[in-house]
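Observations on the model geometry
Residues per chain are reported as follows:
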Amino acid sequence: METIKKRVLVFCFSAFFNLSAVLCLAAGLLVTASLCTADNSPHTAQVWSISLIVSVVFFALGTLLWAIKSQLVQIAHLAVGRTQQNGIALERRVVRLLFLLSVGALGLCASLAILTYAILVRIDQGFAVFG
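First, a word on what this report is: a plain description of the structure on this page. (Residues numbered from 1 in each chain as written. Predicted model: local features only at pLDDT ≥ 70, side-chain atom pairs only at ≥ 80, totals over all residues. Heavy atoms only, no water.)

With that out of the way, let us pick up a nonpolar patch on the surface. A cluster of nonpolar residues, L61, L64 and I68, forms a patch on the protein surface that exposes about 220 Å² of accessible area. Mapped onto the elements, I68 comes out in helix α2 (residues 45-79). Residue class for I68 comes out partly exposed when judged on its relative accessible area of 33%. (Patch = residues over 30% accessible without salt bridge, like charges linked within 9 Å, V, L, I, M, F, W, Y side chains within 5 Å. Areas by Shrake-Rupley, 256 points an atom, 1.4 Å probe, with all protein chains shown as cover. Salt bridge = Lys/Arg side-chain N within 4 Å of Asp/Glu carboxyl O. Helix = DSSP H or I, 4+ residues; strand = E, 2+ residues; numbered from the N terminus. Buried < 20%, exposed > 50% of the residue type's maximum accessible area, 1.4 Å probe, protein only.)

Shown next, in the form of structure tokens:
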């Protein structure tokens, strides 16, 4: 029973981090796309620069989240199911870390979902996100 709970925790952690990474990538793409689809946006070099920098930051954050998720899931799979004393201590710490990061990722998902929705609303109004 304990192993099932731990596997569910690893699944939730993985799902939250994957969702956060996808939302970051989507936000980056939408910021860039808003420059091409907006009718009312000024197309100055400053607007393009700001938009591209923000897109790169979103892409970097998404890649970082995906890399963190990949490494911690591999560590969790190694830690779960150990029977030696130090393996049990490692497993407890990994489970706590996964739980804390899952809570943080859930908050990050909510923030990114709101931000992505705001970007979509701005594009729907016919404006670039910046400009």
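For the rest of this paragraph, the subject is α2. Three- or four-residue spacings in an α-helix give side chains the same orientation, since the helix completes a turn every 3.6 residues. Counted at 1.5 Å a residue, the expected span for α2 with its 35 residues is 51 Å, and the 51 Å between its end C-alpha atoms agrees. Within α2, burial applies to V47, S51, S55, F58, G62, L65, K69, S70, L72, V73, A76 and A79. (Expected span 1.5 Å × (residues − 1).)

What follows is about the packing of aromatic side chains. Across all of its chains, the model carries one aromatic pair by this definition. When the centroid spacing of 4.7 Å and the interplanar angle of 40° are considered together, the rings of F13 and F17 count as tilted. In this pair, F13 and F17 are both assigned in helix α1 (residues 2-37), four residues apart and thus about one turn of the helix distant. Accessibility expressed as a relative area gives 0% for F13, which makes it buried. (Phe/Tyr/Trp six-rings, centres within 6.5 Å; stacked < 30°, edge-to-face > 60°.)

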